[in-house]
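So you can see what is in the structure, the chains are spelled out below.
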Amino acid sequence: MASFGSSCRLLPSTVTAKAFSLPLLSPSLSRSPSSLKCTRSSYLLPLLVLRQKLQRRSMVGTPNAGSTVITPNCFASEPEQLKSARQDIKELLKTTFCHPILVRLGWHDSGTYDKNIEEWPQRGGANGSLRFEVELKHAANAGLVNALKLLQPIKDKYPSVTYADLFQLASATAVEEAGGPKIPMKYGRFDVSAPEQCPPEGKLPDAGPPSPVGHLRDVFYRMGLDDKEIVALSGAHTLGRSRPERSGWGKPVTNYTKDGPGAPGGQSWTVQWLKFDNSYFKDIKEKRDADLLVLPTDAALFEDPSFKVYGEKYAEDQDAFFKDYAEAHAKLSSLGAKFDPPEGFLIDDGPVKPEPEKFVASKYSSGKA
């Protein structure tokens, strides 16, 4: 396994097409702030109006000319390259069905955040550190090297996009392309520059802790998230499968995972495990299908009184789930990140609206060819 530093071997740029699992709660070149230094303006134009293609600029006087040279200022990531990268991610999803593992990649890069630590990057969070071997070897990140292999060609094609932004862009795009809500994302995240800046192991949630409810709160409260956000984010288990060889959880194969796109096997939380909807909550509540996975941390959502309020709500009202999930996902994706510009920037024009289901390939994820 390798990192992407200039002194390290690059990951392979190709990977066999397959559908990837999302055990969310499971046991080339880095760009640093110093490499992104550009002349700063003493007079910033309004941000977050990319449709007008405004950029911050620096005014430098030109001797003997009586005029001004305008030098463009740079963001951590270049907005137009991010837009192009998003289109490439959409094409990747159509051929590899890797929606679950891309969601997991974004989550695991940001989910190490500790709100009690102020310094960056010691506080963890969405900073691209997951590309380094030392963090990839954490038990909770088993299999995520496959996500990096998928995204590396896109990173090579768009060098002015940081890994931190690319991971979160891929995660949000995967949810949207699987029929989920539009995520109100912002971009401009800096990358950490060395493996020494990776967080210690043990920051991510476990699937089967001794006290599932207490464990969920310990981990997510540390990130600054509340009970509603914990339950909403758990709903991402509507995507993907848990493979016992990676996480230690799930069956080797079920009726719902023996066929369909990609390599067979694993146990899914839902029948249509490539479709983003509220069936995760319905299936946990009913517990009628032995072929569907229910982890201890999943069951906790209907056992704890506070969690259960939201679990019941989302099982009955998909629109409410989509709304709360989109907000929680956007929040999670920004945790711990250092942005340039400081407030981040958008790559979407106009208001963010939910989109209708469009991932037709999801019908193949129910075990029916």
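How each quantity is defined
Starting afresh in each chain, residues are numbered from 1 along the sequence in its written order. Predicted model: local features are reported for residues with pLDDT of at least 70 only, side-chain atom pairs are reported and counted for 80 or more only, and whole-chain, interface and lining totals are derived from all residues. Processing note: side-chain calculations cover all non-hydrogen atoms of the structure and skip hydrogens and water entirely. Strands are runs of DSSP state E lasting at least 2 residues, helices are runs of H or I lasting at least 4, and numbering of each runs from the N terminus. When a residue's accessible area, from a 1.4 Å probe over protein chains only, is under 20% of the maximum for its type it is buried; when over 50% it is exposed; and in between it is partly exposed. Accessible areas in this description were obtained via Shrake-Rupley with a 1.4 Å probe; residue shielding takes into account the shown protein chains only. A 3.5 Å cut-off defines polar contacts: any pair of N or O atoms within that distance qualifies, except that in protein one atom must be a possible hydrogen donor and the other a possible acceptor, and neighbouring residues in sequence count only when both atoms are side-chain atoms. Contacts between residues were defined by any pair of non-hydrogen atoms, one from each residue, lying within 4.5 Å. In this analysis the probe radius is 1.4 Å and the grid spacing 1 Å, with only protein atoms considered; a cavity is a set of points the probe fits into but cannot get out of, a pocket is an open set with protein on both sides within 12 Å along at least five of seven lines, and lining residues have an atom within 4 Å of a point. Grid points are joined across faces, edges and corners, and a volume is the space filled by probe spheres set on the points. Residue classes follow a fixed rule: Ala, Val, Leu, Ile, Met, Phe, Trp, Tyr, Cys and Pro count as nonpolar, while Asp, Glu, Lys and Arg count as charged, and any other residue, Gly among them, counts as polar. Nine residue types can take part in a nonpolar core, namely buried Ala, Val, Leu, Ile, Met, Phe, Trp, Tyr and Cys, and a core is a set of them joined through side-chain atoms within 4.5 Å. Values of pLDDT, which run from 0 to 100, indicate the predictor's confidence residue by residue. Ring pairs shown here join Phe, Tyr and Trp side chains whose ring centres sit within 6.5 Å, with only the six-membered ring taken for Trp; geometry is labelled stacked below 30 degrees between planes, edge-to-face above 60, and tilted in between. Here, a charge over a ring means that NZ of Lys or CZ of Arg falls within 6 Å of the ring centre while also lying within 35 degrees of the ring normal. To define axes, lines are fitted to C-alpha atoms, for helices over the stretch in contact only, and angles between the resulting N-to-C directions are given on a 0 to 180 degree scale. What makes a crossing left-handed is the near helix being turned counterclockwise from the far one by less than a right angle; a clockwise turn instead makes it right-handed. The salt bridge criterion pairs a side-chain nitrogen of Lys or Arg with a carboxyl oxygen of Asp or Glu, the two atoms within 4 Å. For a helix, the expected span equals 1.5 Å multiplied by the number of residues minus one. Throughout, bend refers to the angle between the axes fitted to the seven residues that end at a position and the seven residues that start at it. Here is the rule for angles: anything less than 35 degrees is roughly parallel, anything more than 145 is roughly antiparallel, 65 through 115 is roughly perpendicular, and the remaining ranges are oblique.

S.K.: Summarise the overall build of the protein; cite the residues concerned and give the values.
M.R.: When you go through the protein residue by residue, the secondary structure sums to 12 helices and 4 strands. Sorting the 369 residues of the protein into buried and exposed places 56% on the buried side. Accessible surface, the protein as shown: approximately 15200 Å² in total, 52% of it carbon and sulfur.

S.K.: Which residues make up the side chain of Q81, and what values go with them?
M.R.: Inspection of the secondary structure puts Q81 in helix α1 (residues 79-96). Separated by 3.0 Å, the side chain of Q81 and the backbone nitrogen of S160 make a polar contact. The residues touching Q81, leaving out its near neighbours within four places in the chain, are Y158, P159, S160 and V161.

S.K.: Before we move on, could you go through empty space enclosed by the protein and cite the residues and values that matter?
M.R.: By volume, the second largest cavity amounts to about 40 Å³. Forming the boundary of the second largest cavity are R86, L169, A172, T173, E176, K182, I183, M185, Y187 and D348. Top contributing element to the lining of the second largest cavity by residue count: helix α5 (residues 163-177), with 4 residues. In the lining of the second largest cavity, the residues fall into 5 nonpolar, 1 polar and 4 charged.

S.K.: Go over the nonpolar core, please, and point to the residues and values.
M.R.: By size, the foremost hydrophobic cluster in this structure holds 70 residues, and its most contacted members are I89, L102, L151, F276, F281 and Y325. The next biggest cluster of nonpolar side chains, apart from the first, holds 6 residues, and it includes A76, W120, V192 and C198.

S.K.: Lay out the confidence of the model for the protein with the relevant residues and their values.
M.R.: Residues with a pLDDT of 70 or more make up 74% of the protein, whose mean pLDDT is 81. For the stretch residues 351-357, pLDDT sits under 50, and the model shows 10 contacts to residues farther than four places along the chain or on other chains.

S.K.: Residue-level account of the environment of I284, with values.
M.R.: Note on placement: I284 falls in helix α9 (residues 279-286). For I284, a relative accessible area of 3% puts it in the buried group. Residues I284 and W269 lie 15 residues apart in sequence; the distance between their C-alpha atoms is 8.3 Å. Contacts of I284, omitting those with residues within four sequence positions, involve D298 and F302.

S.K.: Just give me the short version of the packing of aromatic side chains, but keep the residues and values in it.
M.R.: Under the definition given, this model contains 12 aromatic pairs. Ring centres of F276 and Y325 lie 5.0 Å apart, and the angle between their planes is 55°; on these two criteria the pair is classed as tilted. With F276 in the loop between β4 (267-268) and α9 and Y325 in helix α12 (residues 318-334), the pair connects residues that are 49 residues apart, well separated along the chain. In this pair, the class of F276 matches that of Y325, namely buried. Clustering of aromatic rings is evident, with ring pairs tying together W107, F276, Y280, F281, Y310, Y314, F321, F322 and Y325. The lysine or arginine in question, K155, covers the ring of Y163, its NZ or CZ lying 4.8 Å from the ring centre. The ring of F339 has K186 sitting right over it, with the charged end atom 4.6 Å from the ring centre.

S.K.: Any chance you could break down the packing of α9 against helix α11 (residues 305-316) for me, citing the residues and the numbers?
M.R.: At a minimum axis distance of 8 Å, the contact between α9 and α11 shows a crossing angle of 115°. Regarding α9 and α11, the two cross each other, and that crossing is left-handed. Along the contact surface, α9 presents F281, K282 and K285, while α11 presents G311, E312, Y314, A315 and E316. For the contact of α9 with α11, the residue count by class is 3 nonpolar, 1 polar and 4 charged.

S.K.: Which residues make up the pattern of salt bridges, and what are the values?
M.R.: One pass over the structure, following the stated rule, counts 18 salt bridges. D348 is paired through a salt bridge with R86; the nearest N and O atoms lie 2.9 Å apart. Remark: R86 occurs in helix α1 and D348 occurs in the segment after α12; sequence separation between them is 262 residues. As a salt-bridge pair, R217 and D227 come within 3.0 Å of each other at their nearest N and O atoms. Of this pair, R217 sits in helix α6 (residues 212-222) while D227 sits in helix α7 (residues 227-234), and the two are 10 residues apart along the sequence. In this structure D227 comes out as buried when scored by relative accessible area, which is 11%. Connected through salt bridges with shared partners, the residues R86, E176, K182 and D348 form a single ionic network.

S.K.: How would you sum up helix α4 (residues 145-157)? Please name residues and give values.
M.R.: For α4, which comprises 13 residues, the first-to-last C-alpha distance of 19 Å matches the rise-based estimate of 18 Å (1.5 Å per residue) to within 8%. At L151, α4 shows its strongest bend, of approximately 35°, with the proline P153 following within four residues. For α4, every residue scored as buried is listed here: N146, A147, L148, L150, L151, Q152, I154 and K155.

S.K.: An account of the environment of D291 is requested, with residue identities and associated values reported.
M.R.: Checked against the element boundaries, D291 lands in the loop between α9 and α10 (296-299). Sequence separation between D291 and V271 is 20 residues; the distance between their C-alpha atoms is 8.7 Å. Every residue in contact with D291, bar those within four places of it in the chain, is listed here: K251, T254, N255, Y256, Q267 and S268.

S.K.: So what's going on with the packing of α4 against α5? Which residues, and what values?
M.R.: As a packed pair, α4 and α5 sit with axes 11 Å apart at the nearest point and diverge in direction by 120°. Classified by the interaxial angle, the pair formed by α4 and α5 is oblique. With respect to the hand of their crossing, α4 and α5 are arranged in right-handed fashion. Seen from α4, the contacting residues are L148, L151, Q152, I154 and K155; seen from α5, they are Y163, L166, F167 and A170. Taken together, the residues of the contact of α4 with α5 break down into 7 nonpolar, 1 polar and 1 charged.

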